[in-house]
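Remarks on the overall topology
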Amino acid sequence: MLRDRGTIKWNSLMLPEHVQILKDMWKDDQKSTAPQLDEQALEELNESCIQAYEEEAIVRVTQFKNGSFHDDKGTITKLLPQEQTLKFTRVNGTSISIPIHNIVQVDTL
């Protein structure tokens, strides 16, 4: 039976630049694609944001950036349609600005 060492035997033949390119390629393969929201989903998202803002409710905002999804919990403190952003205060008290085009879902907690 042949005992093959797999890719280990090729490592000595690869330049560090090649190894880095392969690592970057594998990392890019793990990224997911941005979801495409239709008009109805965008309208529901808009209504959820306005309702959460008016009620000052604690919400979970899911946003898509850099190939992955990120969740933040807190309250929407300001809606800025001209800048296409909303001001968001996290539960721990820090404030951030979230671009509207990054938001995928808003859930009231």
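Side note on the overall build of the protein
Across its full length, the protein holds three helices and five strands. Helices and strands in the protein line up, N terminus first, as α-α-α-β-β-β-β-β. Partitioning the intrachain contacts of the protein with sequence separation of at least 6 by distance along the chain shows that 45% fall at a separation of at least 24. A total of about 8600 Å² of accessible surface is found on the protein, and carbon and sulfur atoms cover 52% of it.

Some words on the pairing of strand β4 (residues 95–99)
For strand β3 (residues 85–90) and β4, the ladder comprises five bridges, and the chain directions are antiparallel. Of the residues in β4, the one forming a bridge with T85 is P99. With antiparallel pairing between neighbouring strands as the criterion, β3 and β4 make up a hairpin whose turn holds four residues, including G93 at a positive phi of roughly 105°.

Considering unusual backbone geometry
Even without being glycine, N66 reaches a positive phi, approximately 55°. N66 gets classed as exposed once you look at its relative accessible area, which sits at 67%. Its identity is not glycine, yet Q84 carries a phi of approximately 55°, on the positive side. Q84 gets classed as partly exposed once you look at its relative accessible area, which sits at 46%.

Here we look at the sheet that holds strand β2 (residues 68–80)
Sheet strands pair by backbone hydrogen bonding; their relative direction is either parallel or antiparallel. The strand order across the open sheet formed by five strands is β4-β3-β2-β1-β5, and the pairing between neighbours is antiparallel. Edge positions in the sheet fall to β4 and β5 (103–108), since each of these pairs with one other strand and no more. Mean inter-strand twist for the sheet, computed between neighbouring axes without regard to direction, equals 45°. Against the sheet, helix α3 (residues 39–55) touches β1 (58–65), β2, β3 and β5, its axis set at about 55° to β2.

A short note on the nonpolar core
Judged by nonpolar contacts, L45, C49, A52, V59, V61, I76, L86, F88, I98, I103 and V106 together constitute the single largest core of 11 residues. Counting residues per element, the ones that place at least two in this core are α3, β1, β3 and β5. Among the elements that line this core, the one with the most residues is α3, at three residues. Not counting residues within four places of it along the chain, the set of residues in contact with L45 comprises L37, I103, V104, Q105 and V106.

Criteria and cut-off values
- Residues numbered from 1 in each chain as written.
- Predicted model: local features only at pLDDT ≥ 70, side-chain atom pairs only at ≥ 80, totals over all residues.
- Heavy atoms only, no water.
- Helix = DSSP H or I, 4+ residues; strand = E, 2+ residues; numbered from the N terminus.
- Contact = heavy atoms within 4.5 Å.
- Areas by Shrake-Rupley, 256 points an atom, 1.4 Å probe, with all protein chains shown as cover.
- Pairing = 2+ DSSP bridges.
- Buried < 20%, exposed > 50% of the residue type's maximum accessible area, 1.4 Å probe, protein only.
- Axes fitted to C-alpha atoms, helices over the stretch in contact; angles between N-to-C directions.
- Core = buried A, V, L, I, M, F, W, Y, C linked by side-chain atoms within 4.5 Å.

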